[in-house]
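# Survey of secondary and tertiary structure
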Amino acid sequence: MNIHVTIREATEGDLEQMVHMLADDVLGRKRERYEKPLPVSYVRAFKEIKKDKNNELIVACNGEEIVGMLQVTFTPYLTYQGSWRATIEGVRTHSAARGQGIGSQLVCWAIERAKERGCHLIQLTTDKQRPDALRFYEQLGFKASHEGLKMHF
C-alpha cells in the first residue's frame, strides 16, 4: 500500500522528529543520541546545512506528521567536464510507516531535484549491514558500480 506524502524542506521545528528517525534502527541506535532536549550538535549541524545553498534537508509528511527524511548535497566536480553531482544521505522512513512507498517517493524526489540542478549523476551509499536497503536502491535504478571506502575518526 502506498500513501502519498507531501515533500518539503525541513524546518528547525522538525529537527526532533528527524533525529528520532535517525536513531530508530539497529545501526542508528549505536551512533545517534535522541534525547530531550536534543544535543546542541544537532541544532548546530541543522543551522549549517540550512545556510549552505548546496545542501537540502527534506522531509516527507503525512498530514502534519513527518514520516520520512533525507539530505541531498550538490557538489561541483572537475570530472565529467566540470559537472555537478548530487549525493543522497540519511534516508529514513518512520518505523511505523515503512513499506508504504515513502522512501521511494523521497528518493524519486531527490532524483528529480538533481536533474533540476543540472547534475550529471546522483549517488548514495548504504551500509553493507543493510541488504534490504541495497535491494531497495537497486529497484529504483541505482547500480553498485563502485566500491566505497570510509575512514572514521
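Residues numbered from 1 in each chain as written. Predicted model: local features only at pLDDT ≥ 70, side-chain atom pairs only at ≥ 80, totals over all residues. Heavy atoms only, no water.

### Quick notes on the UniProt feature "domain: N-acetyltransferase" (unreviewed entry) in the protein
This is how the line gets drawn: UniProt positions are given in the numbering used here, feature names are shortened, and annotations may be inferred rather than shown by experiment. Labels follow the DSSP assignment, with helices taken as runs of H or I lasting at least four residues and strands as runs of E lasting at least two, numbered in each case from the N terminus.
According to UniProt, the "domain: N-acetyltransferase" (unreviewed entry) feature falls on residues 5–153. When the span residues 5–153 is considered, its composition is 37% helix and 27% strand, and the gap between its end C-alpha atoms is 37 Å.

### Concerning the pattern of salt bridges
Worth spelling out the cut-off: Between Lys or Arg on one side and Asp or Glu on the other, a salt bridge is scored when a side-chain nitrogen of the former is within 4 Å of a carboxyl oxygen of the latter. Under the scheme applied here, a residue whose accessible area is under 20% of the maximum for its type counts as buried, over 50% as exposed, and between as partly exposed, the area being computed with a 1.4 Å probe on protein chains only.
Tallying each qualifying case throughout the model produces 13 salt bridges. Note that K128 is salt-bridged to E147, the shortest N-O span being 3.1 Å. Within this pair, whereas K128 is found in the loop between β5 (119–124) and α6 (131–139), its partner E147 is found in the segment after α6, the two being separated by 19 residues in sequence. Accessibility classification places K128 together with E147 in one group, the exposed group. Members of the salt-bridge network, linked through shared partners, are D25, R92 and R130.

### Quick notes on the environment of I7
Locating I7 in the fold gives a position in strand β1 (residues 6–9). When the C-alpha atoms of I7 and I58 are compared, they prove to be 6.9 Å apart, with 51 residues separating the residues in sequence.

### Quick look at unusual backbone geometry
Between K36 and P37 the backbone carries a cis peptide bond, its omega angle lying at -5 degrees. Among the secondary structure elements, P37 is positioned in the loop between α2 (26–31) and α3 (40–51). Phi angles above zero are rare outside glycine, and Y80 is one such case at about 50 degrees. On the secondary structure map, Y80 appears in helix α4 (residues 79–82). At Q81, a position not held by glycine, the phi torsion is positive, near 60 degrees. Turning to its location among the elements, Q81 is positioned in helix α4.

### Some thoughts on the environment of M69
We count it as follows: Any two residues whose heavy atoms approach within 4.5 Å at even a single point are treated as in contact.
Structurally, M69 is set in strand β3 (residues 65–76). Separated by 27 residues in the primary sequence, M69 and Y42 place their C-alpha atoms 15 Å from one another. In this structure, M69 is in contact with M18, M21, L22, I58, V59, G90, V91, R92 and L106, ignoring residues within four places of it in sequence.

### Description of the packing of aromatic side chains
Quick reminder of the rule: Centres within 6.5 Å are what make two rings of Phe, Tyr or Trp a pair, Trp counting through its six-membered ring; a difference in plane orientation under 30 degrees is then read as stacked, over 60 as edge-to-face, and the rest as tilted. Comment: the charge-over-ring label is applied if NZ (Lys) or CZ (Arg) is within 6 Å of the ring centre and within 35 degrees of the ring normal.
Summed over the entire model, instances satisfying the criterion amount to 2 aromatic pairs. Here F136 and Y137 contribute two aromatic rings whose centre-to-centre distance is 5.0 Å and whose plane-to-plane angle is 65 degrees, an arrangement assigned as edge-to-face. With a centroid separation of 6.1 Å and an interplanar angle of 80 degrees, the aromatic rings of Y137 and F142 are classed as edge-to-face. Note on Y137: relative accessible area 9%, which makes it buried. Joined through ring pairs, the aromatic side chains of F136, Y137 and F142 make up one cluster. Above the face of the F74 ring, R117 is positioned so that its terminal group lies 4.1 Å from the ring centre. Note that R117 overlies the ring of W84, its terminal NZ or CZ placed 5.7 Å from the centroid.

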